[in-house]
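# Tertiary structure, described
Spelled out, the chains give:
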Amino acid sequence: MNKHDPGGPEAQVRYDDNEITILRQGNFVRCAVTGERIPLDELKYWSVDLQEAYRGPEEAMQRWKQTHEGKP
């Protein structure tokens, strides 16, 4: 298996404050910003409120800016 392109099924995950709960077994989740596959063992960034995963801090910040645009 290629580390950067995990094969197999996509996992279904619930994102909690300090952990994730796997609802359906799989090898990866998709980044909400880029659509890239993120192996579950490399998943470090997610939004509890939006229930979505991010590849890294840049993608997380990009999404945060999108969802908080125009808010005080």
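For the structure itself, look to the data block above.
Each value, and the rule that gives it
- Residues numbered from 1 in each chain as written.
- Predicted model: local features only at pLDDT ≥ 70, side-chain atom pairs only at ≥ 80, totals over all residues.
- Heavy atoms only, no water.
- Salt bridge = Lys/Arg side-chain N within 4 Å of Asp/Glu carboxyl O.
- Helix = DSSP H or I, 4+ residues; strand = E, 2+ residues; numbered from the N terminus.
- Buried < 20%, exposed > 50% of the residue type's maximum accessible area, 1.4 Å probe, protein only.
- Phe/Tyr/Trp six-rings, centres within 6.5 Å; stacked < 30°, edge-to-face > 60°.
- Core = buried A, V, L, I, M, F, W, Y, C linked by side-chain atoms within 4.5 Å.
- Contact = heavy atoms within 4.5 Å.
- Polar contact = N/O pair within 3.5 Å; in protein donor to acceptor, adjacent residues only side chain to side chain.

Let us look at the pattern of salt bridges. Evaluated as defined, the whole model comprises five salt bridges. A salt bridge links Asp-16 to Arg-14, with the nearest nitrogen and oxygen atoms 3.3 Å apart. Between Arg-55 and Glu-42 there is a salt bridge whose closest N-O contact spans 3.7 Å. With Arg-55 in the loop between β6 (52-54) and α1 (57-68) and Glu-42 in the loop between β4 (37-39) and β5 (45-47), the pair connects residues that are 13 residues apart, well separated along the chain. Salt bridges sharing common partners tie together Glu-36, Glu-42 and Arg-55.

We now examine unusual backbone geometry. Most peptide bonds adopt trans geometry, and most residues besides glycine take a negative phi value. Even without being a glycine, Gln-51 presents a positive backbone phi close to 55 degrees. Tracing the chain through its elements places Gln-51 in the loop between β5 and β6. Overall, Gln-51 belongs to the partly exposed group, its relative accessible area being 34%.

It is worth spelling out the packing of aromatic side chains at this point. Across all of its chains, the model carries one aromatic pair by this definition. Between the aromatic rings of Tyr-15 and Trp-46, the centroid separation amounts to 6.1 Å while the plane-to-plane angle is 35 degrees, which identifies the pairing as tilted. Taken together, the residues Tyr-15 in strand β1 (residues 12-15) and Trp-46 in strand β5 connect sequence positions 31 residues apart.

Ala-11, Val-13, Tyr-15, Val-29, Cys-31, Ile-38, Leu-40, Leu-43 and Ala-53 form the largest nonpolar core, which has nine residues in total. In this structure Val-13 touches Ile-20, Thr-21, Leu-23, Val-29, Leu-40 and Gln-51, once residues within four positions along its chain are discounted.

With respect to the helices, strands and loops of the structure, Asp-16 is situated in the loop between β1 and β2 (20-24). A polar contact is formed between the side chain of Asp-16 and the side chain of Arg-14, at a distance of 3.3 Å. Not counting residues up to four positions away in its chain, the partners in contact with Asp-16 are Thr-21, Trp-46 and Val-48.

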